Amino acid sequence: MLPPKSNFSEWYHEVIQQAEIMDVRYPVKGLYVWFPFGYKLRNLVYGRLREIMDREHDEVYFPALIPETELGKEGQHIKGFEDEVYWITHGGIDRLDVKLALRPTSETAMYPMFKLWIRSHADLPLRVYQIVNVFRYETKHTRPLIRLREITSFKEAHTAHRNYEEAEENVKMAVNAYKEFFDSLAIPYFVIKRPEWDKFPGADYTIAFDTVMPDGRTLQIGTVHHLADNFAKTFDIKYETPEGDHAYVHQTCYGISERCVAALISIHGDDVGLILPFHFAPHQAVVIPILYKGKEEQVLKFSDEILKKLKEIGIRAILDDSDERPGAKYYRWELFGVPLRIEIGPREAEGREVVVSFRDERVKRKIQADEITEEKIVKWADDMHDRLKKRALDLILEKVRFFENAGEMEEWMGKGVAMFHLCNSIECGESIEEQVRAGVLGEIIEMPEGVHADKEGKCIVCGGDGRLNAIAKSY
Ligand code: 5CA
């Protein structure tokens, strides 16, 4: 049994283990083990991400170790990361001449090579990505999939362009790619431009995707950074223009981690366990034979036939013909979030019927076995996606409010996201953060469907011209 989801922190901790996503017993803080089931889910989710990335990017692999001399080159970047880097100081018993960092992200691994790769304008744009592990010595409370010291599934893309504007076009492309990715997971999000004081170390600006967890705290599930020519100047990445001049490239980078899996689990799950969207479920359908003495053979034969049919259609289907009672089987596969359950008893086998139910609805319907077609399953999957999306948006609507009064906003912190107007002075930003004891997420560029607020209004602190911002307690 799981704790109720209203007790989100405990529910999350339990569902991660009971549904065999992560084993949290590994003896190093902030490092966890993917169970086979969890890793299958991870691979299905990352398959989608890869498909989207492959359209515009080439996949690469860069080494996990970065020499101290490179990591330290870009002043802002190293300032932002120095507290979080794991260092390798020895090879065996020999002290290394140059310490090696375990990559916390790969700008400083990639960009010295970009300098060698990029010669002329014809080499641009350059767009690559990799899905690798990175290490960050996080000091905030660590949590499986959410705040890791080894991020196992860091999808990082890095690009180079001829000028600021072309890099900005790429930022828009990346934001659209991430929108498509999160939409396919039915995860609602805000697209938010981070304030100056919270942008990525070394970036010109940062655009983040923030979702809202069931407890009202936000989770940053992806970020897109415009790097301008900051790193190009540091790493001397130049190209020859058509006119024969030499110019610095302008760059972008953007990343997504297994937090996307954390969001998927947290947003769609319920008191009983996981609810997985059809396209990402490791088991999309489970066939459960209901066995009565003397009628086993007929039921099992028909169940096998249905299983075979589902597999032929291309569905990841399983048959649970174990000795457990039907109730125990239902419970197990609900915990694992299997979208489609098909029950077959003697009466059904006789009439070539099946009882179908969907994980999110838990309503049983009897249909003819012939009705199970590829077309029908596509429709079922689409309908379920729409229902999950609507449920997730309804939850967000409960967790997001607009405020004109800072005192009321303060009370709301910890319960959800507050929208309000803020001018662009750092003093007003700091003042409101101090008063409500939460972090300004930044200026809202895009809101989830159904959330409404005016983009412009009076700054909640000074009353000057302000723009729509968000503030919340975050993971
Ligand atoms: N080089 C850039 C773009 S790849 C970069 O490192 N950006 S980042 O620091 O913002 O990280 C990208 C995303 O990884 C974040 O938006 C967040 O969703 C996720 N992330 C960051 N730190 C952690 C962590 N400790 N555990 C899990 N996910 C993390």
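Structural data are supplied above this passage.
Here the structure is a predicted model, which is why all the values come from computation and not from measurement. (Residues numbered from 1 in each chain as written. Predicted model: local features only at pLDDT ≥ 70, side-chain atom pairs only at ≥ 80, totals over all residues. Heavy atoms only, no water.)

1. Description of the packing of aromatic side chains
Okay, step 1: Under the defined criterion, the tally for this structure stands at 21 aromatic pairs.
Okay, step 2: Taken together, the ring pairs in this structure connect Phe62, Tyr111, Phe114, Trp117, Phe231 and Phe235 into an aromatic cluster.
Okay, step 3: A cation over an aromatic ring shows up here: lysine 5 above the ring of tryptophan 11, its NZ or CZ 5.2 Å from the ring centre.
Okay, step 4: Its end group placed over the ring of tyrosine 205, lysine 193 keeps NZ or CZ at 4.8 Å from the ring centre. (Phe/Tyr/Trp six-rings, centres within 6.5 Å; stacked < 30°, edge-to-face > 60°. Lys NZ or Arg CZ within 6 Å of the ring centre and 35° of its normal.)

2. A look at the site of the ligand
Okay, step 1: Around the ligand, the structure places 21 residues, and the nearest of them are Thr105, Glu107, Glu138, Gln220 and Thr223.
Okay, step 2: At 2.7 Å from a nitrogen atom of the ligand is found a side-chain nitrogen or oxygen belonging to glutamate 138.
Okay, step 3: At five residues, the largest contribution of residues to the shell around the ligand is made by strand E11 (residues 218–228).
Okay, step 4: Counted by class, the shell around the ligand contains eight nonpolar, seven polar and six charged residues. (Near = heavy atom within 4 Å. Polar contact = N/O pair within 3.5 Å; in protein donor to acceptor, adjacent residues only side chain to side chain. Helix = DSSP H or I, 4+ residues; strand = E, 2+ residues; numbered from the N terminus. Nonpolar A, V, L, I, M, F, W, Y, C, P; charged D, E, K, R; others polar.)

3. Considering the pairing of strand E21 (residues 417–422)
Okay, step 1: With respect to burial, E21 is a largely interior element, six of its six residues being buried.
Okay, step 2: A two-sided burial pattern is seen for E21, the buried positions comprising Val417, Met419 and His421 on one face and Ala418, Phe420 and Leu422 on the other.
Okay, step 3: In this view, the connection linking strand E20 (residues 400–402) to its parallel neighbour E21 by way of helix H13 (residues 406–412) has right-handed handedness.
Okay, step 4: Relative to strand E24 (residues 465–472), E21 runs antiparallel, the two sharing five bridges. Considered in E24, the bridge of histidine 421 is made with leucine 468. (Buried < 20%, exposed > 50% of the residue type's maximum accessible area, 1.4 Å probe, protein only. Right-handed = clockwise from strand over helix to strand, strands pointing away. Pairing = 2+ DSSP bridges.)

4. As for a nonpolar patch on the surface
Okay, step 1: On the surface, Tyr26, Val28 and Val33 cluster together into a nonpolar patch covering about 240 Å² of accessible area.
Okay, step 2: You can see tyrosine 26 is positioned in the loop between strand E1 (22–23) and strand E2 (33–34). (Patch = residues over 30% accessible without salt bridge, like charges linked within 9 Å, V, L, I, M, F, W, Y side chains within 5 Å. Areas by Shrake-Rupley, 256 points an atom, 1.4 Å probe, with all protein chains shown as cover. Salt bridge = Lys/Arg side-chain N within 4 Å of Asp/Glu carboxyl O.)

5. Some points on the side chain of aspartate 270
Okay, step 1: By the secondary structure assignment, aspartate 270 is in the loop between helix H8 (259–268) and strand E15 (285–289).
Okay, step 2: Here aspartate 270 falls in the buried class, since its relative accessible area comes to 16%.
Okay, step 3: Within polar-contact distance, the side chain of aspartate 270 engages the backbone nitrogen of valine 272 at 2.9 Å.
Okay, step 4: Of the polar contacts made by the side chain of aspartate 270, one reaches the side chain of arginine 359; its length is 2.7 Å.
Okay, step 5: When neighbours within four sequence positions are excluded, aspartate 270 is seen to be in contact with Leu2, Lys5, Trp11, Ile275, Arg359 and Arg391. (Contact = heavy atoms within 4.5 Å.)

6. Some points on unusual backbone geometry
Residues apart from glycine generally show negative phi values, whereas peptide bonds are mostly found in trans.
Okay, step 1: Proline 125 follows leucine 124 through a cis peptide bond whose omega is -5°.
Okay, step 2: Look at arginine 362: it is not a glycine, yet its phi comes out positive at around 55°.
Okay, step 3: Following the sequence through the fold, arginine 362 ends up in the loop between strand E18 (353–358) and strand E19 (365–368).

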